[in-house]
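Architecture at a glance
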Amino acid sequence: VTGVQTCALPILLGAKENPTDVPRLIDALLWNEQVWDHFMIDLNDEGNKLPLELKKNLIGLGVWVNRETQRVMDGETDSDALIEINQIIMDGLK
(Lines give C-alpha, C1' and ligand atoms only; values in the text may rest on other atoms or scores of the structure.)
Protein backbone atom coordinates (compact mmCIF):
# COMPACT_ATOMS: atom_id res chain seq x y z
CA VAL A 1 0.00 0.00 0.00
CA THR A 2 2.95 2.35 0.54
CA GLY A 3 3.44 3.04 -3.17
CA VAL A 4 -0.25 3.53 -3.76
CA GLN A 5 -0.58 5.75 -0.70
CA THR A 6 2.22 7.99 -1.90
CA CYS A 7 0.39 8.36 -5.21
CA ALA A 8 -2.82 9.54 -3.53
CA LEU A 9 -1.26 12.58 -1.86
CA PRO A 10 -0.07 14.36 -5.04
CA ILE A 11 -3.47 13.78 -6.64
CA LEU A 12 -5.23 15.40 -3.67
CA LEU A 13 -2.73 18.28 -3.63
CA GLY A 14 -3.19 18.82 -7.36
CA ALA A 15 -6.95 18.95 -7.00
CA LYS A 16 -6.64 21.47 -4.17
CA GLU A 17 -4.59 23.81 -6.38
CA ASN A 18 -7.61 24.43 -8.62
CA PRO A 19 -10.72 24.32 -6.41
CA THR A 20 -13.02 25.27 -9.30
CA ASP A 21 -12.16 21.99 -11.07
CA VAL A 22 -14.79 19.97 -9.22
CA PRO A 23 -14.47 16.82 -11.39
CA ARG A 24 -10.73 16.69 -10.62
CA LEU A 25 -11.44 17.05 -6.90
CA ILE A 26 -14.07 14.30 -6.98
CA ASP A 27 -11.69 12.00 -8.89
CA ALA A 28 -8.94 12.69 -6.34
CA LEU A 29 -11.28 12.06 -3.42
CA LEU A 30 -12.58 8.80 -4.88
CA TRP A 31 -9.03 7.62 -5.68
CA ASN A 32 -7.93 8.41 -2.11
CA GLU A 33 -10.94 6.59 -0.74
CA GLN A 34 -10.08 3.53 -2.85
CA VAL A 35 -6.51 3.59 -1.56
CA TRP A 36 -7.75 3.64 2.03
CA ASP A 37 -10.28 0.88 1.32
CA HIS A 38 -7.45 -1.34 0.02
CA PHE A 39 -5.31 -0.36 3.00
CA MET A 40 -8.11 -1.42 5.39
CA ILE A 41 -8.58 -4.72 3.54
CA ASP A 42 -4.86 -5.39 3.90
CA LEU A 43 -5.01 -4.52 7.58
CA ASN A 44 -7.83 -7.04 8.08
CA ASP A 45 -5.94 -9.82 6.32
CA GLU A 46 -4.84 -12.52 8.75
CA GLY A 47 -1.40 -12.47 7.13
CA ASN A 48 -0.89 -8.85 8.17
CA LYS A 49 1.75 -8.93 10.90
CA LEU A 50 1.24 -5.45 12.34
CA PRO A 51 0.34 -5.33 16.04
CA LEU A 52 -3.39 -5.63 16.64
CA GLU A 53 -3.71 -2.23 18.34
CA LEU A 54 -1.98 -0.49 15.43
CA LYS A 55 -4.23 -2.25 12.93
CA LYS A 56 -7.32 -1.18 14.89
CA ASN A 57 -6.14 2.42 14.98
CA LEU A 58 -5.35 2.49 11.25
CA ILE A 59 -8.72 0.93 10.39
CA GLY A 60 -10.43 3.55 12.55
CA LEU A 61 -8.53 6.21 10.65
CA GLY A 62 -9.66 4.63 7.38
CA VAL A 63 -13.29 4.82 8.51
CA TRP A 64 -12.75 8.50 9.33
CA VAL A 65 -11.23 9.04 5.87
CA ASN A 66 -14.37 7.58 4.27
CA ARG A 67 -16.62 9.85 6.33
CA GLU A 68 -14.46 12.93 5.74
CA THR A 69 -14.37 12.19 2.01
CA GLN A 70 -18.16 12.29 1.94
CA ARG A 71 -18.17 15.56 3.89
CA VAL A 72 -15.78 17.11 1.35
CA MET A 73 -17.89 15.86 -1.57
CA ASP A 74 -21.00 17.30 0.12
CA GLY A 75 -19.25 20.69 0.40
CA GLU A 76 -19.29 20.65 4.21
CA THR A 77 -15.50 21.03 4.51
CA ASP A 78 -12.35 21.22 2.41
CA SER A 79 -9.77 18.50 1.75
CA ASP A 80 -7.10 19.91 4.10
CA ALA A 81 -7.58 17.28 6.83
CA LEU A 82 -7.46 14.44 4.29
CA ILE A 83 -4.26 15.84 2.82
CA GLU A 84 -2.74 16.16 6.29
CA ILE A 85 -3.63 12.57 7.25
CA ASN A 86 -2.20 11.24 3.99
CA GLN A 87 1.02 13.18 4.58
CA ILE A 88 1.34 11.86 8.14
CA ILE A 89 0.76 8.27 7.05
CA MET A 90 3.11 8.59 4.10
CA ASP A 91 5.83 10.03 6.35
CA GLY A 92 5.30 7.21 8.84
CA LEU A 93 5.66 4.55 6.16
CA LYS A 94 9.05 5.82 5.02
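Just so it is clear, the model here is predicted, and its values are computed rather than measured.

Attention shifts here to the packing of aromatic side chains. Counting across every chain of the model gives one aromatic pair. Here W36 and F39 contribute two aromatic rings whose centre-to-centre distance is 5.4 Å and whose plane-to-plane angle is 70°, an arrangement assigned as edge-to-face. A residue pair is termed a helical-turn pair when its members lie 3 or 4 positions apart in one helix, as W36 and F39 do in helix 2 (residues 22–44) at three residues.

Here we come to the nonpolar core. By size, the foremost hydrophobic cluster in this structure holds 17 residues, and its most contacted members are L12, L29, W36, F39, L82 and I89. Within the residue set of this core, elements represented by two or more residues are helix 1 (2–17), helix 2, helix 3 (52–73) and helix 4 (80–93). By residue number, the principal contributor to this core is helix 2, which donates six residues.

Attention now moves to the environment of I11. By the element assignment, I11 lies in helix 1. Note: C-alpha distance between I11 and N66 (55 residues apart in sequence) is 17 Å. In this structure, I11 is in contact with A28 and W31, ignoring residues within four places of it in sequence.

Our focus in this paragraph is the packing of helix 2 against helix 3. The geometry of helix 2 relative to helix 3 is characterised by a closest axis approach of 9 Å and an angle of 160° between their N-to-C directions. With respect to helix 3, the axis of helix 2 lies roughly antiparallel. Here helix 2 and helix 3 pass one another in a crossing that is left-handed. Every residue of helix 3 that contacts helix 2 at L25, I26, L29, L30, N32, E33, W36, D37, F39, M40, L43 and N44 is listed here: K55, L58, I59, L61, G62, V63, V65, N66, T69, V72 and M73. Each residue belonging to the contact of helix 2 with helix 3 can be placed in one class, and the counts come to 15 nonpolar, five polar and three charged.

This brings us to helix 3. With 22 residues, helix 3 extends 32 Å between its outermost C-alpha atoms, agreeing within 8% with the 32 Å of an ideal straight helix rising 1.5 Å per residue. Those residues of helix 3 that sit buried are K55, L58, G62, V65, E68, T69 and V72. The arc enclosing the buried residues of helix 3, seen along the axis, measures out at 140°, which places them on a common side. More than 90 degrees from the buried face of helix 3, the exposed residues found are L52, E53 and R67. Once helix 3 finishes, G75 follows within two positions and takes phi at roughly 80°, a positive value.

So, about the side chain of S79. Within the secondary structure layout, S79 lies in the loop between helix 3 and helix 4. If we skip the residues at most four places from it in the chain, S79 touches K16 and V72.

What counts, and at which threshold
- Residues numbered from 1 in each chain as written.
- Predicted model: local features only at pLDDT ≥ 70, side-chain atom pairs only at ≥ 80, totals over all residues.
- Heavy atoms only, no water.
- Phe/Tyr/Trp six-rings, centres within 6.5 Å; stacked < 30°, edge-to-face > 60°.
- Helix = DSSP H or I, 4+ residues; strand = E, 2+ residues; numbered from the N terminus.
- Core = buried A, V, L, I, M, F, W, Y, C linked by side-chain atoms within 4.5 Å.
- Buried < 20%, exposed > 50% of the residue type's maximum accessible area, 1.4 Å probe, protein only.
- Contact = heavy atoms within 4.5 Å.
- Axes fitted to C-alpha atoms, helices over the stretch in contact; angles between N-to-C directions.
- Parallel < 35°, antiparallel > 145°, perpendicular 65-115°, else oblique.
- Left-handed = near helix turned anticlockwise from the far one by under 90°.
- Nonpolar A, V, L, I, M, F, W, Y, C, P; charged D, E, K, R; others polar.
- Expected span 1.5 Å × (residues − 1).
- Arc of directions from axis to C-beta.

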